[in-house]
Amino acid sequence: AVPEREQWSGQFGFIMAAVGSAVGLGNIWRFPGVAYESGGGAFLIPYLVALLTAGIPILFLDYAIGHRFRGSAPLALRRLGGRLGEGIGWFQVVICALIALYYTGVLAWAGSYFVFSFGEKWGDDTLGFFTGEYLQVSDGAERPFTLDFVPAVLIPLVLMWVVTLVILGAGVVKGVQRANVIIIPLLVIGFLALVVRSLFLPGALDGLDAFFTPDFAALADPGVWIAAYSQIFFSLSVAFGIMITYASYRRRRSNMTGAGLVVAFGNSSFEILAGIGVFSAIGFLAHQQGIGVDDVEGLTGPILAFVTFPAIVSEMPGGGLMGALFFGALTLAGLTSLISIIEVVIAAIRDKFGLTRGQSVAAIGVIAALSIVLLGTTSGLIALDTIDQWTNNIGIVASAIITTIVVIWIKRRGGELARHLSAVSTFKVGTLWVLFTGVVAPIVLFYMVVEKVRDLITGGYEGYATWYLGVAGWGSIVLALLGAIILPLVTWRNDPDRFDEWPS
Ligand code: PHE
Ligand code: NA
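Looking at an unreviewed UniProt entry, the chain carries the name Sodium-dependent transporter, with the source organism given as Microbacterium nanhaiense. In its Subcellular location (unreviewed entry) section, UniProt records this for the chain: "Membrane".

## So, the overall build of the chain
Helix and strand counts for the chain come out as 18 helices and zero strands. Projecting the C-alpha coordinates of the chain onto the three principal axes gives extents of approximately 65 × 50 × 45 Å. Relative to its full complement of 504 residues, the chain shows a buried share of 54%. For the chain, restricting intrachain contacts to residue pairs at least 6 apart in sequence, the fraction spanning at least 24 positions comes to 85%.

## A few points about the site of ligand 1
In the neighbourhood of ligand 1, 15 residues make up the surrounding shell, with Gly-24, Gly-26, Ser-235, Ser-237 and Ser-337 lying closest. At the level of elements, α1 (11–22), α2 (25–37), α9 (222–235) and α13 (319–353) are the ones that each hand at least two residues to the shell around ligand 1. Partitioned by chemical class, the residues of the shell around ligand 1 number seven nonpolar, eight polar and no charged.

## With respect to the environment of Arg-197
Within the fold, Arg-197 resides in helix α7 (residues 172–199). Given 18 C-beta atoms within a 10 Å radius, Arg-197 is considered partly exposed. Each C-alpha atom of the pair Arg-197 and Ser-38 lies 26 Å from the other, and the pair is 159 residues apart in sequence.

## Some details on unusual backbone geometry
Although it is not a glycine, Arg-70 sits at a positive phi angle of roughly 40°. Tracing the chain through its elements places Arg-70 in the loop between α3 (44–69) and α4 (73–117). Look at Arg-70 and you get buried, because 20 C-beta atoms sit within 10 Å. Even without a glycine there, the phi angle at Arg-412 is positive, about 55°. Within the secondary structure, Arg-412 sits in the loop between α15 (378–410) and α16 (414–424).

## A word on helix α11 (residues 256–289)
The terminal C-alpha atoms of α11 lie 49 Å apart, and with 34 residues this matches the ideal 50 Å at 1.5 Å per residue to within 8%. Where α11 ends, the next residue or the one after it, Gly-290, has phi of about 65°, a positive value.

## Some points on the environment of Val-158
Tracing the chain through its elements places Val-158 in helix α6 (residues 151–169). A count of 16 C-beta atoms within 10 Å places Val-158 in the partly exposed class.

## Describing the packing of α11 against helix α12 (residues 301–315)
The description of two packed helices rests on the angle between their axes and on the distance between the axes. Contact pair α11 / α12: the axes reach a minimum separation of 10 Å and the direction vectors enclose 60°. As α11 packs across α12, the resulting crossing turns out to be left-handed. Touching Ala-281, Phe-284, Leu-285 and Gln-288 of α11 are Ala-311, Ile-312 and Glu-315, all from α12. Taken together, the residues of the contact of α11 with α12 break down into five nonpolar, one polar and one charged.

## Brief notes about the packing of α4 against α6
One can describe the packing of α4 onto α6 by two numbers: an axis separation of 8 Å at closest approach and a directional angle of 110°. When the axis of α4 is compared with that of α6, the two are roughly perpendicular. Crossing angle aside, the handedness with which α4 passes α6 is right-handed. Side by side, α4 and α6 meet where Thr-104, Gly-105, Leu-107, Ala-108, Trp-109, Gly-111 and Ser-112 of the first sit next to Ala-152, Val-153, Pro-156, Leu-157, Leu-159, Met-160 and Trp-161 of the second. Residues of the contact of α4 with α6, tallied by class, amount to 10 nonpolar, four polar and no charged.

## Some remarks on the confidence of the model for the chain
Looking at the chain, the pLDDT average stands at 92 and 95% of residues meet or exceed 70. Confidence over residues 140–144 falls short of pLDDT 50; this stretch has six contacts with residues more than four positions distant or in other chains. Of the two predicted TM-score estimates for the complex, the pTM is 0.95 and the ipTM is 0.97.

## As for the nonpolar core
The nonpolar side chains of a soluble globular protein tend to be buried, and buried together. If you look at the biggest cluster of nonpolar residues, it comprises 170 residues, and the most contacted ones within it are Cys-96, Tyr-229, Ala-329, Ile-342 and Val-344. Ranked by residues supplied to this core, first place goes to α4 with 27 residues. Contacts of Cys-96, omitting those with residues within four sequence positions, involve Phe-240, Gly-241, Ile-341, Val-344 and Val-345.

## Concerning the environment of Val-238
Relative to the elements of secondary structure, Val-238 occurs in the loop between α9 and α10 (242–247). What makes Val-238 buried here is the crowd of 29 C-beta atoms within 10 Å. The spacing of Val-238 and Phe-118 is 120 residues in sequence and 36 Å in space, taken between C-alpha atoms. In contact with Val-238, not counting residues within four places along its chain, are Gly-55, Ile-58, Leu-59, Asp-62, Phe-233, Met-243 and Ala-400.

## Here's the deal with α3
With 26 residues, α3 should reach 38 Å at 1.5 Å per residue; the first-to-last C-alpha distance of 35 Å fits that figure. The sharpest bend along α3 measures roughly 45° and falls at Leu-51. Of all 26 residues that make up α3, 21 are buried, and the element is covered over most of its length. Of the residues trailing α3, Arg-70 is marked for its positive phi of about 40°.

Cut-off values and rules
- Residues numbered from 1 in each chain as written.
- Chains lettered and ligands numbered in written order.
- Predicted model: local features only at pLDDT ≥ 70, side-chain atom pairs only at ≥ 80, totals over all residues.
- UniProt positions renumbered as here; feature names shortened; annotations may be inferred.
- Helix = DSSP H or I, 4+ residues; strand = E, 2+ residues; numbered from the N terminus.
- Buried ≥ 20, exposed ≤ 12 C-beta atoms within 10 Å, placed from the backbone.
- Contact = placed C-beta atoms within 7 Å.
- Near = placed C-beta within 6 Å.
- Nonpolar A, V, L, I, M, F, W, Y, C, P; charged D, E, K, R; others polar.
- Expected span 1.5 Å × (residues − 1).
- Axes fitted to C-alpha atoms, helices over the stretch in contact; angles between N-to-C directions.
- Left-handed = near helix turned anticlockwise from the far one by under 90°.
- Parallel < 35°, antiparallel > 145°, perpendicular 65-115°, else oblique.
- pLDDT = per-residue confidence, 0-100.
- Core = buried A, V, L, I, M, F, W, Y, C linked by C-beta atoms within 7 Å.
- Bend = angle between axes of the 7 residues up to and from the residue.

Structure (structure tokens):
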């Protein structure tokens, strides 16, 4: 007899895992700075519009596909839309594999900085410490292509991979679900403590003032709307195949949309909480340095986390604890997202080649080992950031556009999926959902991706050479496309269309 497909033990386990995937680096280091630069308090308007017109509808679409067709991204999409669908699935799998490399790198840094917090090892020149002493890339674009190993990064990198693969190897319930059920409450408590402490720092209110003061004029700028849609998109982890995979492990009769709303609003709450915490701390930094909040630099991304935040910690009495809370939170939030990204790859190769979980985890381990050899070097660390830019801003958005068009227009499965979602769920969806998913979302996303492509072609990225952006940036997209074209031609171990031959 065919074994059962793995299943979450219930609604709660699924929600914790889905929240774990959604809440990640994007909430902590991306949202606060993006909101601040895109209209402050007024940004909440495009942000909410993006959440309701594209984020939640596509989240539901992912859930519906995974739950109805019960498979990893390539399998579920194959059952929905033949080889074309399968291709989209593999596109997502390749993107996830690439993003995993970047995510593990950042996690390794966060883990190191957690340790550095005790004793505030970064000293006064936090930028010099990060790029020079720690990453050893401070010559920047001048000398990124050495193959020198960076041992301080290598050890935590290996550690992060081992932890992640051990959790994934333990299975959906005993590994993924259990890790999230433990980590998410811990993360929320630790992060709340950090926010509350930040609120009581001198200057905190100035920071909050800067963060929340609405600049309604910003709403006339299309760039602000693009920023809102792209933040929502990345933040909810939609169109990566993640939610398809996670939804495929739910029991047949499950309340999908109810859980989806909890996940979506939980994720947004965490973002706003992070905005409050980060900007209180930035207000404090401005206060200490006797400058305005507007004059503080490095408000997003790795620089916020590894340069600005350590500077804040250095200014505080007993800052080590704050540092530990911050980097601990960053590590845990990132780890639960990383688990979800890699599960996409594991589930896909299991389904396609009929492997056991152990075998596919081992296969990933081999790839990980190779990547460590390459990425433990200075050039690897720099390339990852470029890969991330392209996969996130172009790869994922393209994947979302194509998925909605294929599902709603080419295969015409909108009505069927809406009925599937509404059959058991508390929150019913219908025509409006199909309209948002099939019309509004693809139009906005198309506009977004065109703008971004134009931007990258005319403006380049971080001043890197064009040939290099061609290889690392466009090359990642080409790799995903190759996966999308070639892998559907490879024969399945079990016939994907005969449900009875598969674990249900
Ligand atoms: N949603 C995560 C965040 O906000 C990012 C992420 C993207 C996680 C893709 C998994 C996959 O940080
Ligand atoms: Na998020």
